[in-house]
Amino acid sequence: MIEVKNLVKKYGDHTAVDHLNFTVEKGQILGFLGPNGAGKSTTMNMLTGYISMTEGSVTINGFDIYEEPEEAKKSIGYLPELPPVYPDMTVREYLKFVMDIKKVPRSVRAAMLEDIMARTQIAGVADRLIRHLSKGFKQRVGLAQAIAGYPEVIILDEPTVGLDPMQIIEIRDLIKELAQKHTVIISSHILSEISEVCDTVMIINKGKLVVMDSVENLPKHLEHSMSLKLLVKGEESRIRAALAPVGQVEKISVERSEQEGLLSVSIGTKNKTDVREEVFYALAAAKCPIFEMTANSMSLEDIFLEMTKDEQGNAFGASAAEKEDGGKEKENEDAAGEEE
């Protein structure tokens, strides 16, 4: 459904997107993650054909976004972070305008309008001016325009911004429903939202692909995907000697505990291996009683931080974030020039 090959975007000496390659299948919900300045917005703008690429190709539903732009863009519904709404139109007028731009056949417009308003729960404000709507309702109107025309691919940039908790749950359910007939790409800083909705996650950093896999398989890409925290009574040397033969244990750290006479032991394991039983018997045999044991499997937030931490120092300095902001300004200039 979506095929990206060797995608590159440069602004002078700065490379915002660096040779990205990935494929998204029909019906897949892809979570697109990365720290500020990683190149997410630039990538999505190239996927939608809003800005040109320096190198590479993007194919949407079998059509090259730049060689066959009209056919490719018919297959895309896009909700930017700031919804592209016209404040002086009513919701109904705006959605009719969007369907006109997308060349939706007139014979199906009325039914489609009612359907997308019902699915995004904006029918009650259909005849109100968009300028008078709350931020949450404006976000819903933006989502409705992305669905208009029933495109095969829907790209959502921060789709739940400005929504209250109940609305967020409703939009999540809608996204899951959309995946039954559409391919969905979501970019969000709310990692719990990604883990709740998406079946595949792609993480980029400094324009490069870090990892792309199912949510369940992401921990396998980490050196330590599961950890055990223990409070143990005994000598450090005896504890280490007892744990050394335990299979799949990759890391052992021992520190003094706040509880007198006990040591705090951290054990890192590979590939989510559960070694609790082996650890229990090993320490029991060494006569080092366990007073407490807690297993911690890494959350998506933990995985994200672990996979981007080496380069994170540049992501919030005068570096990538500012460069991508500058890149966005350049994108707008490029787009304006193309329109002229």
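Residues numbered from 1 in each chain as written. Predicted model: local features only at pLDDT ≥ 70, side-chain atom pairs only at ≥ 80, totals over all residues. Heavy atoms only, no water.

(A) Structural view of the nonpolar core. Formed by 49 residues in total, the largest nonpolar core has its most connected members in Leu95 and Ile186. Excluding residues that lie within four positions of it along the chain, Leu95 makes contacts with Leu113, Ile116, Met117, Ile122, Val141, Ala144 and Gln145. One finds Ile2, Leu7, Leu47 and Ile76 within the second-largest nonpolar core, a separate group that totals 28 residues. (Core = buried A, V, L, I, M, F, W, Y, C linked by side-chain atoms within 4.5 Å. Buried < 20%, exposed > 50% of the residue type's maximum accessible area, 1.4 Å probe, protein only. Contact = heavy atoms within 4.5 Å.)

(B) The arrangement of the sheet that holds strand β9 (residues 200–205) in detail. One open sheet accounts for six strands, arranged β6-β7-β8-β3-β9-β10; its pairing is mixed. Looking at the sheet topology across the chains shown, the edges are occupied by β6 (76–79) and β10 (208–214). If you compare each strand with its neighbour and ignore which way they point, the axes differ by 15° on average. Bridging between β9 and β10 involves six bridges; their strand directions are antiparallel. Its bridge partner being in β10, Thr200 is matched across the sheet by Ser214. Set on the sheet, helix α5 (residues 135–147) makes contact with β6 and β7 (153–157); between it and β6 the angle comes to about 170°. Across the sheet, helix α6 (residues 165–178) lies against β3 (29–33), β7 and β8 (183–187), angled at about 145° from β8, the strand it touches most. (Pairing = 2+ DSSP bridges. Helix = DSSP H or I, 4+ residues; strand = E, 2+ residues; numbered from the N terminus. Axes fitted to C-alpha atoms, helices over the stretch in contact; angles between N-to-C directions.)

(C) Spotlight on the confidence of the model for the chain. In this model, the chain carries an average pLDDT of 85, and 87% of its residues clear a pLDDT of 70 or more. Of all secondary-structure elements in the chain, the lowest mean pLDDT belongs to helix α11 (residues 320–339), at 43, while helix α3 (residues 91–101) reaches the highest, 96. Confidence over residues 311–340 falls short of pLDDT 50; this stretch has 36 contacts with residues more than four positions distant or in other chains. (pLDDT = per-residue confidence, 0-100.)

(D) Main features of the side chain of Thr183. Among the structural elements, Thr183 can be located in strand β8. With relative accessibility at 0%, the residue Thr183 sits in the buried group. Polar side-chain contacts of Thr183 include one of 3.4 Å to the backbone oxygen of Glu25. Ignoring anything within four residues of it in the chain, the contact list for Thr183 reads Met1, Ile2, Val24, Glu25, Lys26, Gly27, Gln28, Glu152, Val153 and Ile154. (Polar contact = N/O pair within 3.5 Å; in protein donor to acceptor, adjacent residues only side chain to side chain.)

(E) Quick peek at the sheet that holds strand β2 (residues 14–24). In space, the four strands of this open sheet follow the order β2-β1-β4-β5, with antiparallel pairing throughout. Whereas interior strands pair on both sides, the edge strands pair on one side only; in this sheet they are β2 and β5 (63–64). Of the pairings in the sheet, the one linking strand β1 (residues 2–11) to β2 comprises seven bridges and is antiparallel in character. Within β2, the residue paired with Tyr11 across the bridge is His14. Helix-sheet contacts for helix α1 (residues 40–47) involve β1, β2 and β4 (55–60), and the interaxial angle to β1 is about 120°.

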